[in-house]
Amino acid sequence: MSSRTSEIHHFPCPSCGADLVFEPQGGVLSCPYCGHKQAIPESAERVEEQSYEQHLQIRPEQLEKLAPNALEVQCQSCGAKSIFTPPEVAGRCEFCGVQIVAQPKSADPILTPSGLLPFYITQQQASSALKQWLSTRWFAPNGLKQFAQPEAIHGVYLPFWTYDTNTTTNYTGQRGEYYYVTETYYTTDAKGNREQRTRQVRHTRWYPASGTVTAGFDDVLIPATLSLSPNRLAALEPWDLAQLRPYEPAFLSGFKAQRYQVDLSAGFSRAKEVVAPVIEGNVRNDIGGDEQRIEGLSTRYYDVTFKHLLLPVYAGAYRFNGKLFQIVVNGRTGEIQGDRPYSFWKIALLVVSLLFVVLILILVFGDR
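Residues numbered from 1 in each chain as written. Predicted model: local features only at pLDDT ≥ 70, side-chain atom pairs only at ≥ 80, totals over all residues. Heavy atoms only, no water.

1. Details of the sheet that holds strand S1 (residues 21-23)
We count it as follows: The pairing criterion for strands is at least two bridges between them, as found by DSSP. Strands here mean DSSP runs of E at least two residues long; helices mean DSSP runs of H or I at least four residues long; both are numbered from the N terminus. For helices, the axis comes from a line fit to the C-alpha atoms of the stretch in contact; other axes are also lines fit to C-alpha atoms, and the angle between any two N-to-C directions lies between 0 and 180 degrees.
Ordered in space as S1-S2-S3, the three strands form an open sheet in which the pairing is antiparallel. Only two strands of the sheet have a single neighbouring strand rather than two, namely S1 and strand S3 (37-39). Pairs of neighbouring strands in the sheet enclose a mean axial angle of 40 degrees, with direction left out of account. In this sheet, S3 lies alongside strand S2 (residues 28-30) in antiparallel orientation, the contact comprising three bridges. Of the residues in S3, the one forming a bridge with Ser30 is Lys37.

2. Things to note about helix H4 (residues 264-287)
Test applied: The span one expects for a helix is its residue count, reduced by one, times 1.5 Å. A residue's bend is simply the angle between two axes: one fitted to the seven residues ending at it, one to the seven starting at it. Relative accessibility under 20% of the residue-type maximum defines a buried residue, over 50% an exposed one, and the middle range a partly exposed one, all with a 1.4 Å probe and only protein chains included. In what follows, residue pairs with any heavy atoms lying within 4.5 Å of each other are defined as contacts.
For H4, which comprises 24 residues, the first-to-last C-alpha distance of 34 Å matches the rise-based estimate of 34 Å (1.5 Å per residue) to within 8%. At Val275, H4 shows its largest kink, close to 40 degrees, and the proline Pro277 lies no more than four residues downstream. The set of residues buried in H4 consists of Leu264, Gly267, Phe268, Ala271, Val275, Ile279, Val283 and Ile287. In this fold, the buried residues of H4 make contact with helix H1 (52-56), strand S9 (154-188), strand S10 (194-223) and strand S13 (291-320).

3. What to know about the confidence of the model for the chain
For the record, the criterion: The pLDDT value tells you how sure the predictor is about a given residue, anywhere from 0 up to 100.
When pLDDT is averaged across the chain, the result is 85; 84% of the residues are at 70 or more. At the level of individual helices and strands, the chain shows its lowest average pLDDT in helix H5 (residues 344-365), which scores 62, and its highest in H4, which scores 97. Below a pLDDT of 50 lies the segment residues 1-9, which in the model reaches 22 contacts outside its immediate sequence neighbourhood of four places, other chains included.

4. Things to note about the pattern of salt bridges
Opposite charge on two side chains permits them to pair, given that their charged atoms come into close proximity. For the record, the criterion: One side-chain nitrogen of Lys or Arg within 4 Å of one carboxyl oxygen of Asp or Glu is enough to make a salt bridge.
One pass over the full model with this rule turns up 12 salt bridges. Two residues, Glu49 and Lys307, come together in a salt bridge whose shortest N-O distance is 2.7 Å. Of this pair, Glu49 sits in the loop between S3 and strand S4 (50-51) while Lys307 is found in strand S13, placing the two residues 258 residues apart along the sequence. Judged by relative accessible area, Glu49 falls into the partly exposed class, the value being 30%. A relative accessible area of 4% places Lys307 in the buried class.

5. Remarks on the nonpolar core
The line we're drawing: Joining through side-chain atoms within 4.5 Å is the link that ties buried Ala, Val, Leu, Ile, Met, Phe, Trp, Tyr and Cys residues into a set, and such a set is a nonpolar core.
Judged by nonpolar contacts, the single largest core of 54 residues is most densely connected at Phe22, Tyr157, Trp161, Tyr163, Leu252 and Tyr314. Judged by nonpolar contacts, the second largest core, of 24 residues, contains Cys75, Ala90, Leu228 and Leu244.

6. What about the pairing of S9?
Pairing analysis gives 22 bridges linking S9 to S13, with the strands arranged antiparallel. Its bridge partner lying in S13, Gly176 is registered against Glu291. By the bridge criterion, two bridges tie S9 to strand S12 (residues 256-258) in an arrangement that is parallel. Bridge pairing in S12 places Val156 opposite Lys256. One ladder, built from 28 bridges, connects S9 with S10; its direction is antiparallel. The residue of S10 that forms the bridge with Thr172 is Ser210. What sits between S9 and S10 in their antiparallel hairpin is a turn of five residues, with Gly192 showing a positive phi close to 90 degrees.

7. Some details on the side chain of Asn330
The topology assignment puts Asn330 in strand S14 (residues 323-330). For Asn330, a relative accessible area of 0% corresponds to the buried category. Those residues in contact with Asn330 that lie beyond four places of it in its chain are Ile121, Leu236, Pro238, Trp239, Pro312 and Glu335.

8. What about the pairing of S13?
Pairing analysis gives two bridges linking S4 to S13, with the strands arranged antiparallel. The residue bridging Gln50 from the neighbouring strand is Phe306, located in S13. As defined by bridge partners, strand S8 (residues 115-116) adjoins S13 across two bridges and the pair is classed as parallel. By the bridge assignment for S13, Gly115 is matched with Leu309.

9. Points about the state of the cysteines
Our working rule: The criterion for a disulfide is a pair of cysteine sulfur atoms lying within 2.5 Å.
Here the structure, examined in full by the defined rule, presents zero disulfides. With no disulfide of its own, Cys78 has Cys93 as its nearest cysteine by sulfur position, at a separation of 3.6 Å. Cys78 sits in the partly exposed class, given a relative accessible area of 38%.

Pasting the structure below:
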């Protein structure tokens, strides 16, 4: 896919020799020990669309690692596979909160990304936003506040696919047109007298319809992870995809990247589901009339291209009363989405307090 990953193995600090890590604030490589900063060279390349059909035929030996020194570890609890480069370590699973004890191994080759969105907000900023978010969860248990500590969430790049496609859809159906018939009916007035009245009753006359509609779709975004629900990921949008950078291993230094769990073909099947309502709407508009019945659809997808992207989030998970709760922060905008448990005792205390207030009001005003 690209020769860049074979050119860069690690990022030593020229001042002290420690590993440089990507710093979202400023978008540079930074040494956590001596403070040296180093710019990431701007790439002359562009984030290009790639042929879907050609990549369906790709062979295992044509795949690459995210970086030559990339390591991979699999969570024994949820099965998520995370890829990282030194000095990052395995640590705790961002998706289920379990401490990872498996030994990292050299990362398996994957379809390397076309591009990524670098982290824009820092972990400290994400943790501060999370702390504020948790402070507004009034009925959350007190123990949840521990989750607001900086080490509770970690930066990880999530895999996504985007698809472009043109479509041609042949359809058959029926067009319904309204017409009205005057009907006579009888009613009884307040005095018991029977009255004759008329009303307009709507009916539908149906006509056969068939035709062809075309539509084009650009950058249909499909998550390639199963570790977070599609609804939660959708709630993190919008992503500023106009700011995509060509893939460069330097952006991963100090962060993890999740290996895609939804392959290229399965992702396109999901993309078809996403565009289906749009195609159906176009068909209904083409049928016209007052109502439409669609009896058959046949869609051809062509000129299909895709991009494999890495998008940044801060993610963490915790368990409460045996249940898993996840929190995820958009690494570009700071948007927070997550679960939280409810404290039975806090809710019970509120109910008791309200009942006490009501009782006091009754005693005070009941004798007046």
